[in-house]
Amino acid sequence: MPTVSMTVNGRKMSGECEERTLLVSFLRETLGLTGTHVGCDTSQCGACCVHVNGDSVKSCTLLAVQADGAEITTIEGVANGEELHAIQEAFRDNHGLQCGFCTPGMIMSALDLLKHNANPSETEIRHHLEGNLCRCTGYHNIVKSIQAAAVAMGGAS
Amino acid sequence: MYAFKYHKPSSIEDAAKVFSGADDARYLSGGHTLLPSMKLRLAGPSDIVDLSGIAGLKGIKVEADKVTIGAGTRHNDVALSAEVRAAIPALADLAGGIGDFQVRNRGTIGGSIANADPSADYPAAVVGLGATVHTNKRTIAGDDFFTGMFETALEDGEIVTAVSFPRPKRAAYMKFPNPASRYAVVGVMVAETASGMRVAVTGAAASVFRVAEMEQALASNFSPDAIAGVAVPADNLNSDIHAAADYRAHLVGVMAKRAVAKAAG
Ligand SMILES: Cc1cc2nc3c(=O)[nH]c(=O)nc-3n(C[C@H](O)[C@H](O)[C@H](O)COP(=O)(O)OP(=O)(O)OC[C@H]3O[C@@H](n4cnc5c(N)ncnc54)[C@H](O)[C@@H]3O)c2cc1C
Ligand code: FES
Ligand code: FES
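## Looking at the domain arrangement of chain A
Interface size is commonly expressed as the accessible area that is lost once the parts come together.
Residues and elements named next belong to chain A.
Now for step 1: Once the domains are mapped, chain A shows domain 1 (3-77) and domain 2 (86-152).
Now for step 2: Using C-alpha coordinates to define each centre, domain 1 is positioned 21 Å away from domain 2.
Now for step 3: Contacts between the two partners involve 18 residues from domain 1 and, on the opposite side, 14 residues from domain 2.
Now for step 4: Taking both sides of the interface into account, the surface hidden between domain 1 and domain 2 amounts to around 1200 Å²; carbon and sulfur atoms contribute 59%.
Now for step 5: When the area that domain 1 buries against domain 2 is broken down by residue, the three leading residues are His37, His51 and Ile75, summing to 37%.
Now for step 6: Our count for the domain 1 to domain 2 interface comes out at zero salt bridges.
Now for step 7: Counting the contacts that link domain 1 with domain 2 gives seven residue pairs in polar contact (both at pLDDT 80 or more).
Now for step 8: Counting only elements with at least two residues in the side of domain 1 that touches domain 2, the list comes to β3 (49-52) and β4 (55-58).

## Here's the deal with the sheet that holds strand β2 (residues 25-28) of chain B
Residues and elements named next belong to chain B.
Now for step 1: Strand order in the open sheet formed by three strands is β1-β3-β2, and the pairing between neighbours is parallel. Strand pairing shows two members of the sheet lacking a second neighbour, β1 (5-7) and β2, which therefore form its edges. The sheet shows a mean angle of 25 degrees between the axes of neighbouring strands, direction not considered.
Now for step 2: Strand direction decides the pairing type here: β1 and strand β3 (residues 47-50), joined by three bridges, are parallel. In the sheet register, tyrosine 6 faces β3, and the bridge partner there is isoleucine 48.
Now for step 3: Packed on one face of the sheet, helix α1 (residues 12-21) meets β1, β2 and β3 and runs near 150 degrees to β2.

## Side note on the site of ligand 1
Now for step 1: Residues in close proximity to ligand 1 total 33 residues, the closest being Tyr27, Ser29, His32, Thr108 and Asp121 of chain B.
Now for step 2: Surrounding ligand 1 is a set of residues that belongs to chains A and B.
Now for step 3: Threonine 33 of chain B is positioned with one of its backbone polar atoms (N or O) 2.9 Å from an oxygen atom of ligand 1.
Now for step 4: Here glycine 111 of chain B contributes a backbone N or O atom positioned 3.5 Å from an oxygen atom of ligand 1.
Now for step 5: It is helix α7 (residues 109-115) of chain B that contributes the most residues to the shell around ligand 1, five residues altogether.
Now for step 6: The residue inventory of the shell around ligand 1, partitioned by class, reads 12 nonpolar, 16 polar and five charged.
Now for step 7: Counting residues domain by domain, the shell around ligand 1 receives three or more from each of domain 1 (1-53) and domain 2 (170-264) of chain B.

## Describing the sheet that holds β3 of chain A
Residues and elements named next belong to chain A.
Now for step 1: Sheet architecture is open: five strands sit in the order β2-β1-β5-β3-β4, paired in mixed fashion. Each edge of the sheet is formed by a strand with only one pairing partner; in this case those strands are β2 (11-16) and β4. Adjacent strand axes in the sheet meet at a mean angle of 40 degrees, parallel and antiparallel pairs treated alike.
Now for step 2: The pairing of β3 with strand β5 (residues 71-73) spans two bridges and is antiparallel. Looking across to β5, one finds that histidine 51 is bridged to threonine 73.
Now for step 3: Lying on the sheet, helix α1 (residues 23-30) is in contact with β1 (3-8), β2, β3 and β5; it crosses β2 at an angle near 100 degrees.
Now for step 4: Those strands touched by helix α3 (residues 103-116) are β3, β4 and β5, and its axis lies near 45 degrees from that of β3.

Analysis parameters
Residues numbered from 1 in each chain as written. Chains lettered and ligands numbered in written order. Predicted model: local features only at pLDDT ≥ 70, side-chain atom pairs only at ≥ 80, totals over all residues. Heavy atoms only, no water. Domains from an automatic or database assignment. Contact = heavy atoms within 4.5 Å. Buried area = accessible area lost by both parts, 1.4 Å probe. Salt bridge = Lys/Arg side-chain N within 4 Å of Asp/Glu carboxyl O. Polar contact = N/O pair within 3.5 Å; in protein donor to acceptor, adjacent residues only side chain to side chain. Helix = DSSP H or I, 4+ residues; strand = E, 2+ residues; numbered from the N terminus. Pairing = 2+ DSSP bridges. Axes fitted to C-alpha atoms, helices over the stretch in contact; angles between N-to-C directions. Near = heavy atom within 4 Å. Nonpolar A, V, L, I, M, F, W, Y, C, P; charged D, E, K, R; others polar.

Quick look at the structure:
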């Protein structure tokens, strides 16, 4: 079996896996980082969203071997130790989650939006979330959370 | 997913060699069509030849008369490129409407056209802008590239290396997206090019096609009204759970008019 090495949340990590192992399985099962979720088998729900070399991608639609040598950020790498990231605080304050299953993917996706567009409009946020499905909230509070995060992170006024 | 052998060659020559030496190999680019079908066990190649390690396949080159996009260039690289937006805004718009942001961060133009999904967006740009497809063996006119449902002019093992799009005088792409997948139920590229008017339709039939009657009407009067009377026959159009053939025929007219209005500015 090949050995795959990557920098995950700033730490060098490696492990053995089959060629057919998906990145999400490698993160969850080999590295034990279960914050990244699997919500579908059709690449549509976005629960598995992580950053690979700075870009948000669906880790269920990428082989672990394709990410060999990459820099990965998962939801576990967003907070600063015990201190939540502004976007995590914003989701808590705005009731942006109910069951929380979609939340890691929503946050990783939204962080990529805010990187490209520090002050997105409500419409831009809703379009950006095209690839993230939520069964609980009806999206409204997720959008509010991301707007609040943009303000807290200094982009919006 | 079935097991396979994984290869990551660093040159086109090596990729072609590994491919031809394997039992049942498939090239892997962004993986956003191939991996989902392998996960569902609809595909089970013996060998995967990952093209992402080949530096020469990536990148965008904007010249006075054309824009050339490497086969391994991601949809977001095209959608978010200020240079592409300035040269051919319709192409940046089309790429920016594919799937969702995460799909656009992985999926590539080479994979999209090699796959030739009847509902894919890029075929409308390749035919609608009169592009040329470059491969490791030859160049293929965009008009001759798509030959049927999931069928192209590519030979077994042939690698798409780039696509060049001549700059149109004006062009616009409009699609009616499937609300779940974002694939085109119907998408229409309208372009006034140096070699004449082009109207290319994706999503509606087995493969992308041009509408000659609309092209003629637009050549004498570039306005939505000019094509309002052109009916596209529903006979050979797709019918599925998303849309019946007659509805798709209707949508071709609506999307074409919207595209003309947008291109006319
Ligand atoms: C949720 C979701 C939504 C999507 N929505 C849309 C949409 O709205 N519109 C749309 O157009 N597409 C859509 N797609 C498809 C997406 O654009 C794919 O990325 C694209 O069709 C295939 O490109 P790829 O680079 O991922 O190719 P891959 O999946 O890597 O490959 C696809 C096929 O092309 C072959 N291939 C790849 N590169 C080459 C090459 N250089 N030369 C020869 N053969 C090659 C492969 O062997 C394979 O058979 C969607 C996909 C997903 C998962
Ligand atoms: S688990 Fe990756 S998109 Fe659903
Ligand atoms: S909070 Fe339950 S799926 Fe989004």
